[in-house]
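Fold and geometry: a report
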Amino acid sequence: SIRILIVDDNKMNRKLLQHILKPIGFVLEEAENGQIAVERVPVFLPHLIFMDIRMPEKDGEEATLEIREKNLGDNPIIIA
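Heads up: these notes are all about the structure in this document. Sequence order sets the numbering: in each chain, residues are counted from 1 along the sequence as written. Given that this is a predicted model, residues contribute local features only at a pLDDT of at least 70 and side-chain atom pairs are listed and counted only at 80 or more, while totals for whole chains, interfaces and linings are drawn from all residues. To get the side-chain values, all heavy atoms of the structure are used, and hydrogens and water are removed first.

Numbering of helices and strands runs from the N terminus; a helix is a DSSP stretch of H or I covering at least four residues, while a strand is a stretch of E covering at least two. Its place among the elements puts Leu 28 in strand β2 (residues 27-31). Residue class for Leu 28 comes out buried when judged on its relative accessible area of 18%. Each C-alpha atom of the pair Leu 28 and Ile 2 lies 8.5 Å from the other, and the pair is 26 residues apart in sequence. Setting aside anything within four residues of it in sequence, one finds Leu 28 in contact with Ile 4, Ile 6, Leu 17, Gln 18, Leu 21, Lys 22 and Phe 44. We call a residue buried when its accessible area falls under 20% of the maximum for its residue type, exposed when it is over 50%, and partly exposed in between, using a 1.4 Å probe and counting protein chains only. Two residues qualify as a contact provided that any one of their heavy atoms is within 4.5 Å of a heavy atom in the partner residue.

For the rest of this paragraph, the subject is the environment of Asp 8. Structurally, Asp 8 can be placed in the loop between β1 (3-7) and α1 (11-21). Taking the relative accessible area as the measure of exposure, Asp 8 reaches 11% and is therefore buried. Separated by 42 residues in sequence, Asp 8 and Phe 50 have C-alpha atoms that sit 8.1 Å apart. Not counting residues within four places of it along the chain, the set of residues in contact with Asp 8 comprises Asn 13, Arg 14, Ala 31, Glu 32, Asp 52 and Met 55.

For the rest of this paragraph, the subject is the nonpolar core. Core analysis: the biggest nonpolar cluster contains 13 residues, and Leu 5, Val 7, Ile 49, Met 51 and Ile 67 have the highest contact counts within it. Elements that contribute at least two residues to this core include exactly β1, α2 (34-44), β3 (48-51) and α3 (60-69). If one sorts the elements of this core by residue count, α2 sits on top with 4 residues. For this analysis, a nonpolar core means a set of buried residues of the types Ala, Val, Leu, Ile, Met, Phe, Trp, Tyr and Cys, connected via side-chain atoms within 4.5 Å. Residues Ile 4, Ile 6, Leu 21 and Leu 28 belong to the second largest nonpolar core, which totals 5 residues.

Encoded structure:
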């Protein structure tokens, strides 16, 4: 199964993506900010990350750079 991490501080945006993607059969996980995303990537090992850019604690740019620099996970595709 394809694993997708949805990273957005807006709960409604996360729920909308869940509503669209879950029925198709993707395995989904959510993170409400970039710091949580960075922590979840090596555990969840997503194939794809939908990354919001503006978030509290750690924004999408910082989280993306950290995921890439630390080579977390299996080099997931990140869509910001």
